[in-house]
Amino acid sequence: TVPTTSGAPITGEPGTQLYLIKTTFLNNTKVPVDLSCMSPLWLNIYDTNGRKLAPVFETYRIAGNPECNYQLVQGLSHEWNFVYKGVAGATLDKLTFLDTDARQAGDPAESTIALR
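Now for a quick tour of the structure. (Residues numbered from 1 in each chain as written. Predicted model: local features only at pLDDT ≥ 70, side-chain atom pairs only at ≥ 80, totals over all residues. Heavy atoms only, no water.)

### Quick look at the state of the cysteines
Right, on to step 1. Scanning all chains against the criterion turns up one disulfide.
Right, on to step 2. Covalent S-S linkage joins Cys37 and Cys68, the inter-sulfur distance amounting to 1.4 Å. Taking the sign of the S-S torsion, about -115° here, the bridge from Cys37 to Cys68 comes out left-handed. Pair noted here: Cys37 is in the loop between β1 (16-26) and β2 (41-47) and Cys68 is in the loop between β3 (54-56) and β4 (77-87), with a separation of 31 residues, a long-range link. (Disulfide = S-S within 2.5 Å. Helix = DSSP H or I, 4+ residues; strand = E, 2+ residues; numbered from the N terminus.)

### Quick look at the sheet that holds β4
Right, on to step 1. The three strands are arranged β1-β4-β3 in an open sheet whose pairing can be described as antiparallel. Bordering the open sheet on either side are β1 and β3, each of which pairs with just one other strand. Between one strand axis and the next, the sheet turns by 35° as a mean value, whatever way the strands run. (Pairing = 2+ DSSP bridges. Axes fitted to C-alpha atoms, helices over the stretch in contact; angles between N-to-C directions.)

### Quick word on the pattern of salt bridges
Right, on to step 1. Counted according to the given criterion, the structure contains three salt bridges.
Right, on to step 2. With its nearest N and O atoms 3.0 Å apart, the salt bridge here joins Lys85 to Glu13. Highlighted residues: Lys85 in strand β4 and Glu13 in the segment before β1, separated in sequence by 72 residues.
Right, on to step 3. The salt bridge involving Arg61 is made with Glu58; its shortest N-O contact spans 2.2 Å.
Right, on to step 4. With a relative accessible area of 26%, Glu58 lands in the partly exposed category. (Salt bridge = Lys/Arg side-chain N within 4 Å of Asp/Glu carboxyl O. Buried < 20%, exposed > 50% of the residue type's maximum accessible area, 1.4 Å probe, protein only.)

### Here's the deal with the side chain of Thr96
Right, on to step 1. Counting through the fold element by element, Thr96 comes out in strand β5 (residues 92-99).
Right, on to step 2. Here Thr96 falls in the buried class, since its relative accessible area comes to 2%.
Right, on to step 3. If sequence neighbours within four positions are ignored, Thr96 has contacts with Trp42, Leu43, Asn44, Tyr46, Glu110, Ser111 and Thr112. (Contact = heavy atoms within 4.5 Å.)

### Looking at the side chain of Ser36
Right, on to step 1. Relative to the assigned elements, Ser36 resides in the loop between β1 and β2.
Right, on to step 2. If we skip the residues at most four places from it in the chain, Ser36 touches Thr59, Tyr60, Asn65, Pro66, Glu67 and Cys68.

### So, the nonpolar core
Right, on to step 1. With 16 residues, the main nonpolar core has Ile21, Phe25, Leu43, Ile45, Trp80, Phe82 and Tyr84 as its most contacted residues.
Right, on to step 2. Formed by six residues, the second largest nonpolar core is a distinct cluster that contains Val2, Ile10, Val56 and Ile62. (Core = buried A, V, L, I, M, F, W, Y, C linked by side-chain atoms within 4.5 Å.)

### Quick word on the environment of Leu115
Right, on to step 1. The topology assignment puts Leu115 in the segment after β6 (111-114).
Right, on to step 2. For the pair Leu115 and Lys94, spaced 21 residues apart in the sequence, the C-alpha separation amounts to 4.9 Å.
Right, on to step 3. Residues in contact with Leu115, not counting those within four places in the same chain, are Ile45, Leu92, Asp93, Lys94 and Leu95.

### Notes on the packing of aromatic side chains
Between two aromatic rings, the relevant description is the distance of the centres plus the angle of the planes.
Right, on to step 1. Enumeration according to the criterion identifies three aromatic pairs in this entry.
Right, on to step 2. Each ring, one from Trp80 and one from Phe82, has its centre 5.3 Å from the other, and the planes form 50°; the classification is tilted. Both residues of the pair, Trp80 and Phe82, count as buried.
Right, on to step 3. Aromatic pair Phe82 and Tyr84: ring centres 5.6 Å apart, planes at 75°, arrangement edge-to-face. (Phe/Tyr/Trp six-rings, centres within 6.5 Å; stacked < 30°, edge-to-face > 60°.)

Listed below in structure tokens is the structure:
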């Protein structure tokens, strides 16, 4: 389970496991960013078997995250934690992301960070 700032904790069903990913986001773009509800980042997590994990779209409820509609202005950073659900016991392999606001022609489809 993942504790939340409001309501019940986020829990997984039997046979699944929740993965809490803790990051720090630096807004080095030219626009304010709403991390918890309207993020311009498209994130995917994959396990070592190539399975894509399911995002839990309740980031605004996770402790430490900014509330919905909080606009992180340029040059500032903030903790940003998010939860993914996968097969119980899976080993995380990589996180891929794409900045949908800043992407330009010729940019790679997405960037990858190894998680193991």
